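Given next are the chains, with one letter for each unit.
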Amino acid sequence: MNSNNFSSADQLLWAIAASSSPLTLPSERQQAFNVIESFKQGNNEGAMAVCLQWLVQSEVIVYQHSSLNAAAAMNVTVPVKLLACEVITKFLKQSYASIGEVDRLQLRQAVLTSCQQVVVAASGMNGAPPFLSPAEARILARTLAAVLQGLVVRDFPQRWETFCSDIFSPLSPGSMGLWYNAAAGEQPHLGVSIVLQVFRLIAEDCTDSDFNAKISTQRRNDILIGLNEVRTQFLPHLYRLLLESYPVLQTAKQTLHNMHTYLLQSNRTLQQMALEEANAYKVELERRDDTAKLLVDCLLTLEKFCGSMPTNWMLPDDSADAASSADFVAAMMHLTREPISKIQIRAVDALEQLVLRAKMSETQWMRLIRDLPVSVREANSAFQTEAPQRQAERAVSGDLSAEDSLALQLEFHRGLSRMLSAVVTAHIANITDNKHVIEKQSGPDFANIQAFLRLLVEILGHPSGRICTEQINMWISLMRDPQIIRTKLLDPFTRAVMKAYMQHVKKVRWQDIEERTHPLAAVLEASFDDEDDLIAWNVDLRARSSLLFRLFGNTEPHVAASVLNEQVKLLLQQYGAGAPLDHLEPSNNQLTELSDAVIEFEGLAHPLDNTMSGIPAWAMQDGSQTNEARLEKRVVTRSSFSEMANVLVSWNPSYLWLKFRRTTLVNSLMYYWPHEPSTLLPAVDSLLRNLGLPDEWMPGSTPDVQLSDQTIGLKKRSGVALVSISKRVPNHLVPWLSQLSQATGSLLSSQGLIPMNQMHLYEFLSCVANAVDDPVTRSNFIADVLSMAVETVQSDDFMQLVATPQSLLTGLGILQAREQPNFVIDPGNVETVLKTYEKAFSALNRLLSVGRRCNEAARKRPKAISSNASGMSESYIHFADEGPVSISQLAETDPFVVLWPKILPALLTVYESILGIWRPEHQAALLPNNLQRYTYAISDDEAFLAKNVDGKSGGVFGEGGTAGSVVSGTDRRAKNLVPRWSGWLNELRNTCFQMFGLLISQSVLFSPEIANYYPRIVAVLTDSITLQSMEHRHLTQFLKHVVEMLLTCCPSTLYPTHLGPIIAPIFEHVRYRLEKTWQHLGDPSHEATKALSSENAADAAKLAAAGGDAWFSWYYSHAGLFVGELDAVTAEAAVEKYRVDLSRTLADVLQVGFALKGEWALVLANFAKDEQARKKNDDAAFLSGPSTRFNDDGVKVNADGTPRTPDQDSTDARKVLRINGLAHYMLLENEQVAGNLTLLVIQCLGYPDAYTCRRVTKICHRILETTAWSPQYSQLLGQSMFQTIVRNILTEPKWMVGLEWAVISIARDIYCRLVLGQALQCGGQGAGQQQNFIQNSHPPAYEQVKTFDKPLLGGGILSIPSVYPRQVLGTIGISSTAIDNFEERMRAKRSAKDQKDFIRDLLREAADLLQNQFPSDTVGSLDPFNRASAEESLLHSHRQTDIVPALPEMLTTQSQAEKAAKRRQRNLSQTAEGLQAFGI
């Protein structure tokens, strides 16, 4: 390199000195900074010349500095060389590939020389005194290692063949080596660390290709091949380093121990040593620490090799060279006994990386299985043996406290548990393929594996739960393997493992750990950072152990039942009476949540519930056929569960919190009662009694006083348990239905019953009633249960309350607030309004809850109405009930439907009134008032959900909550009506939406008895002002609960009469709403996009009074939200949330309607699954589901693993009719629906939301499959949709990053079907199937495919090619010649990948032209509308170049040459043999 003197080299050195000195003046420091930055950005060649001169200088000293004495000298070696390394690193990335061989050698020599100088300057080798501190030396060494690695990855092996031999040669003057001379007795030095760091960096950059793409693939391969070729040159050095350093470390440790012992015997400490003693002690201490650091560095490098390089580097086989047969595994296992500087932890980490590769042979793996337990025992023994050494070292330092060995070794034990688990998990195939283990279940291999598992079980006994967490995946993998479960391999350990995890899922009081009252406080404090960390870990452990406990119950039910029974009896004996009565509530002497007894029973609930949910049917049912072994297990299982159920049900605790825990435990018995219901009735009776309990937490309180939170919690938990039990075993409760009805009736008439328990009781009775076989009895009972609710909604008081929006506003105390502001806080008024609302809402909610339970049961009940078809049906098959069905017929399966004629009028009135409040005229009247305006406010809960919160925020009322932020200064818990209004209206409105959805899903909407109501239903649901007045959050719920149900539940024969009249105006309105919503998105500062707040409510009222398009345009721009006094950040988040929720919900609803998700998609998945099974002729495939679910033996399952119902074939056939019929009706039969729907989908393609766009792409494919053959859609698809897609691809908006291929796939689908005459599979998949032109057709036309009217089979094409896609391409600057060439390529290569690549290449040119004409200054910014950065661009991905490109020289190694010679020799011999066969 030309060393033309850098014109201001002296000035640069001054600048470096000035920036490094603490005495520099601020003005000088700024000047120095400018000089250094100018140097970095200056001419590369001149800067490199200066940097090379600096690198080869052993010391750089500056003698003049204006802020110092003129004669002062300042050593700037470290900052100068760091700056030189920074400049060289930049040069390597930008210009290194263009320099010649001489310059490369000069740079390489300079870097190696600088590395040697750092080693000498740090250690004082070759007689030179050290002048670098250890910290400075480490920084320089680390930086130079990175520069050296940059040279290696660019030159090795083609241009630097001697790399390994160079750096592993001993460090001496005139050489390039950095290693130590072991033969001369030289000790390892800093150069060894540099070499190890270089190898670590090479391993990271050359193997981590998924996350580090700066090196080209070819360059990576060349480097790895080169390293593998010369591994015999460096691996022995690393192995020798381990062998030679370990004795040095042990010697230093023993010497230090002798010094400590001597000091203790003379009653002295380290501070009392003489100077000569202190110097000697320092020498030994540095020798120990430096040696330990070298061992750690070596192990870190080996860890990289274990995880990335060929496994034969660490696990040499018999064919390996003798030089490379170093037994690194044995060395690492031996180092697990050395705790100094965490050497044992690094050794364990390296072994873990090796076993995670899962590439060990059975012999190599069995060696680990055999030797690792021995190494672990030796490590534990060594740790105990060295305890006196550690005690002596602490004593001479003045620390006389005793050590906690478990806390000291926690990190080691955790890594050890993780590594040992990985040994098994990564090599389960070595167990299942071993005949001695699986078939014979004997021999040394079987014994060794059991010994290894026994070690893991012993580790589970560690008091820290962190240790057991590392093994969960291993035990799950073992217990899920069908071959292993059939053996006795796990039998000795199941009980111990289950008990260990049951012990660790129990909660621990953090207070005991902080106060050191817990017997294991030290190890627990070392395990967790704080209380939040402990709670998060416990939650994670429970989530991950759920499957493990279910597996315990599923694979070893008799053991699981026995363990649970023992644990229940033990806990009841020790804690059943509340002992030891700690952490009591002072006011009532009740146990609290922190009491030992409560914690113990709480910890039992999780394993009990999950284990019992996994118990298989054969372990409980007498009738199930099974073998003798299973019969024995069944006896033990049933006996244990019977005893456990009896003791739990008979347990009658006196403390409130224990009653709560008992309720939770009893609820888990619902998995046992289907098989043995003898204890069911007493349990249900006790839960019912809990609902009527007085408040034991606040004794003496009256029913009209608010109950304590603890009592309410017990009542809620009991109610939930009742509902769960009734859903699980309703048939066993039917015989006692009358008694249950009387008991619940007395509870419902009592004053102490909370409203939620009322709902629980109604749901409980409805679930039991649905198990009644007689339809008439069932319907009568449901009618009797809901008689009070029906009477309420039919009463005059209710109808007067909801008759009009004004009456509803009056009933809720809203209108009164105008004239009487104090009305909203008067206790008497608040109580009156509260009772009025609760009575009205409870009636509606009760009807909804029971109706949904009945509907759920009806869907599972065999249908009385059957079709005249079975199996998968074609479209011509007719179903008798695919049309209007009377309520009397529907009542045979659903007892609730008979009530609809009574409640429907009230529902329509409520719906009109509640949504009428949002009409512009009412908003104009209410918004100006300081209190009434909060009628339209979002609730605190909705504001909270709009924030990005985590599980630690504490909820709405927590530290990060939003309680009191909307209605400033108060919240819904206060005696104030204002903050309650928003929640009340949300509940009423959502209840109405769900009840309409229930009306549709129960098919009552289509029954003849409701025909006279149907015109009004249509008028109410499609009223234009009502739809326009909805906020986005209202419309989102409406689409989800009403429109989605209507699309999927409407019989195919009723689409024109019952579907079209409703969805046509809805789709038209949604299109209008989205257009207005998105019109200002390009201008975030526009006032219309900001949420309405209290400050501008009066101005908004004026706009509402004017009404019209101006009001709704402004209204939709901020999603219609009124946020009160909510802060601006949360308000903006809320607007964005509900804005995107609308388009996302719409996309989801359309996906359901087009069978792209939901139940209809499952039907298609079932057909695909069955078809694959028939093709493979595999009957077992019909019975298999996803591996994540437990599947009952011999039961045919769906694609998602759920069991199929007896009449599912006919049900699925009906759904297929609707799938085909709905798409055909919406897109081809009803012009109003088709036009709005298609334009709506095209709109969503351009909306900047990746979620919406990704789902809409699938809908676009379905539209094309259904309509591409129709000429009426030619312009809509070929121009409007294609133009939107092309615009998205050309502009490359940031929000679309990651979706480009999905969008290009639509462009391909359009062009193939509309222009090229190529049919595709569903979803635009597969190669294009080219259709031929019809002979003598004018104009030219393609032959139509046979499946053109079957979108589920791929759909059709447009016979006469469309010109619209070509016109769109022409408008963006693509010439006709380029389009013709593009079409020729599309016809020549029809695979999906090739054609999408052609489209990308075609649009790339237009994108470049567009970017040149309209350059963007915001490329890569966070704004989703801006163009994606170059790294994110799909169109220009071919331009992205690697920082380290491939070398032009071809790599040919000695091994490759030898293999090629062997192949040639083999080919010649085979040819000779062939010629001999012909006598030649």
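Each remark here, short or long, concerns the structure printed above.
What counts and how
- Residues numbered from 1 in each chain as written.
- Predicted model: local features only at pLDDT ≥ 70, side-chain atom pairs only at ≥ 80, totals over all residues.
- Heavy atoms only, no water.
- Helix = DSSP H or I, 4+ residues; strand = E, 2+ residues; numbered from the N terminus.
- Rg over C-alpha atoms; globule rule 2.2 N^0.38 Å.
- Contact = heavy atoms within 4.5 Å.
- Areas by Shrake-Rupley, 256 points an atom, 1.4 Å probe, with all protein chains shown as cover.
- Lys, Arg positive; Asp, Glu negative; His and termini not counted.
- Charge placed at Lys NZ, Arg CZ, Asp CG, Glu CD.
- Core = buried A, V, L, I, M, F, W, Y, C linked by side-chain atoms within 4.5 Å.
- Buried < 20%, exposed > 50% of the residue type's maximum accessible area, 1.4 Å probe, protein only.
- Phe/Tyr/Trp six-rings, centres within 6.5 Å; stacked < 30°, edge-to-face > 60°.
- Lys NZ or Arg CZ within 6 Å of the ring centre and 35° of its normal.
- Salt bridge = Lys/Arg side-chain N within 4 Å of Asp/Glu carboxyl O.
- Axes fitted to C-alpha atoms, helices over the stretch in contact; angles between N-to-C directions.
- Parallel < 35°, antiparallel > 145°, perpendicular 65-115°, else oblique.
- Left-handed = near helix turned anticlockwise from the far one by under 90°.
- Nonpolar A, V, L, I, M, F, W, Y, C, P; charged D, E, K, R; others polar.

K.L.:
I'm lost on the overall build of the chain in this one. Help?
P.N.:
Helix and strand counts for the chain stand at 64 helices and six strands. In terms of overall size, the chain behaves like a compact globule, its C-alpha atoms giving a radius of gyration of 39 Å where 1480 residues would be expected to give roughly 35 Å. Across its three principal directions, the C-alpha atoms of the chain cover 110 × 95 × 90 Å. For the chain, restricting intrachain contacts to residue pairs at least 6 apart in sequence, the fraction spanning at least 24 positions comes to 73%. Only carbon and sulfur atoms are counted for the fraction: they give 52% of the accessible area of the chain, which is about 64000 Å². Here the chain holds 135 positive side-chain charges and 159 negative ones, and the gap between their average locations is 3 Å.

K.L.:
Could you clarify how one ought to interpret the nonpolar core in this entry?
P.N.:
Note that soluble globular proteins tend to have their nonpolar side chains buried in a common cluster. With 429 residues, the main nonpolar core has Phe305, Trp475, Trp673, Phe896, Trp900 and Phe1038 as its most contacted residues. Filtering out sequence-adjacent residues up to four positions away, phenylalanine 305 remains in contact with Phe199, Ala203, Phe234, Leu235, Leu238, Trp313, Met314 and Arg357. Within the second largest apolar cluster, six residues are counted, among which are Leu256, Leu263, Met273 and Tyr281.

K.L.:
When you look at the packing of aromatic side chains in this model, what are you seeing that I'm missing?
P.N.:
Note on aromatic pairs: each is described by the distance of the centres and the angle between the planes. Following the criterion strictly, the structure yields 38 aromatic pairs and no others. When the centroid spacing of 5.5 Å and the interplanar angle of 75° are considered together, the rings of phenylalanine 234 and tryptophan 313 count as edge-to-face. Of this pair, phenylalanine 234 sits in helix α10 (residues 231-265) while tryptophan 313 sits in the loop between α11 (275-308) and α12 (328-335), and the two are 79 residues apart along the sequence. Residue classification places tryptophan 313 among the buried residues on the basis of a relative accessible area of 1%. Positioned over the ring face of tryptophan 618 is arginine 630, at 4.3 Å from the centre of the ring. Arginine 1255 extends its terminal NZ or CZ atom over the ring of tyrosine 1251, reaching a point 3.6 Å from the ring centre.

K.L.:
Would you take a moment to explain the pattern of salt bridges for this structure?
P.N.:
Going through the model one piece at a time under the given rule, you end up with 63 salt bridges. One salt bridge in this structure joins arginine 394 and glutamate 403, with 3.2 Å as the shortest N-O distance. In this structure arginine 394 comes out as buried when scored by relative accessible area, which is 17%. Put simply, glutamate 942 and arginine 1033 hold a salt bridge, and the shortest N to O gap is 2.9 Å. Linking glutamate 942 in helix α46 (residues 940-946) with arginine 1033 in helix α50 (residues 1032-1049), this pair joins segments that are 91 residues apart in sequence. In this pair, the class of glutamate 942 matches that of arginine 1033, namely buried. Linked by salt bridges that have partners in common, Arg346, Asp349, Glu352, Arg414, Arg418 and Glu470 make up one network.

K.L.:
Before we go on, may I ask you to explain the environment of leucine 988 in this structure?
P.N.:
Among the structural elements, leucine 988 can be located in helix α47 (residues 978-1001). Through-space distance from the C-alpha of leucine 988 to that of proline 1271 is 47 Å; in sequence the pair is 283 residues apart. What leucine 988 contacts, discounting residues up to four positions off in sequence, is Tyr837, Phe841, Leu844 and Ile914.

K.L.:
Just checking my understanding: could you explain the packing of helix α8 (residues 190-207) against α11 for this structure?
P.N.:
Two packed helices can be described by the angle between their axes and the distance between those axes. It is at 9 Å that the axes of α8 and α11 come closest, and there the two elements cross at 20°. As the angle between them shows, α8 and α11 are arranged roughly parallel. Our pair here, α8 against α11, has a crossing hand that is left-handed. Taking contact as the criterion, the partners of Val192, Ser193, Leu196, Phe199, Arg200, Ala203, Glu204 and Thr207 in α8 are, on α11, Leu294, Asp297, Cys298, Leu300, Thr301, Lys304, Phe305 and Ser308. Here the residues of the contact of α8 with α11 sort into eight nonpolar, four polar and four charged.

K.L.:
Please explain unusual backbone geometry as it appears in this structure.
P.N.:
Trans is the common state for peptide bonds, and a negative phi is the common state for residues other than glycine. The peptide bond linking phenylalanine 156 to proline 157 adopts the cis configuration, its omega dihedral lying at -5°. Structurally, proline 157 can be placed in the loop between α6 (134-155) and α7 (163-167). Backbone torsion omega between alanine 579 and proline 580 reads 5°, so that peptide bond is classified as cis. Positioned with a positive phi, arginine 516 is a non-glycine residue whose angle comes to about 60°. The residue arginine 516 is located in the loop between α25 (510-514) and α26 (521-527) in this model. Even without being glycine, leucine 581 reaches a positive phi, approximately 55°. Mapping leucine 581 onto the fold places it in the loop between α28 (557-575) and β3 (584-585).

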